[in-house]
Amino acid sequence: MFTTSLARGIALAALLAPSIGLAQSAAPLPPTARPETAPLAAAAQTAPAPAAATPSSTAAPSAATQAAVDQRIHTLQSQLGITEAQMPLWSAFAQAMRDNAAATDALFTQRASAVATMNAPDNMRSYAQIARAYADNTERLATAFDSLYASLSDTQKQAADTMFRQQATAASQPRAKH
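Residues numbered from 1 in each chain as written. Predicted model: local features only at pLDDT ≥ 70, side-chain atom pairs only at ≥ 80, totals over all residues. Heavy atoms only, no water.

Caption draft 1: Inspection of the overall build of the chain at higher detail. In terms of helices and strands, the chain carries 6 helices and 0 strands. In the chain, the succession of α and β elements from N to C terminus is α-α-α-α-α-α. Within the chain, the proportion of its 178 residues that are buried is 35%. Intrachain contacts of the chain at a sequence separation of at least 6 include 82% that bridge at least 24 residues. (Helix = DSSP H or I, 4+ residues; strand = E, 2+ residues; numbered from the N terminus. Buried < 20%, exposed > 50% of the residue type's maximum accessible area, 1.4 Å probe, protein only. Contact = heavy atoms within 4.5 Å.)

In structure tokens:
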């Protein structure tokens, strides 16, 4: 059972990686917010950063982010064939995506406004704050999805499992460097 839960959790992360990204920020990341460039960019900064504020959980994401999240929610709902009886659980999952978008959008806005004046340690702390937010948001999303997944029919579960595997496979492919 643990193996099944672990496999489902890994598959959830793989399927929702694009969802999480969309649910958290549709705007491109500042160069210093990207995982592959954060340490290098942090080392290049020299000025102190203002104290980091905790984003409000009620902050509204940008219109572009909200539109992207809503589109992803609609697409997933359609692909999974969510029934009327499953809507309360689906709504909780969709709200977790929206909440993640708001929280992450606030962090990226905060980071973007301060990155030009951050010194290296502040830059690294800012990046760590974003990484923690992604982890916390993913955990909330996974928890909401666990209940939803339990309510799915075998056919819906099979569809979800297939989508998760396809997303995991696509995500594991090397990306072309620009």
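Caption draft 2: Representation of the packing of aromatic side chains in the model. Taken as a whole and judged by the stated rule, the model has 5 aromatic pairs. Between W90 and F93, the aromatic rings sit 5.3 Å apart at their centres with planes inclined by 50°, giving tilted as the arrangement. Note that W90 and F93 are positioned in helix 4 (residues 87-114) at a spacing of 3 residues, about one turn of the helix. The rings of W90, F93, F145, Y149 and F164 are connected pair by pair, giving a single aromatic cluster. (Phe/Tyr/Trp six-rings, centres within 6.5 Å; stacked < 30°, edge-to-face > 60°.)

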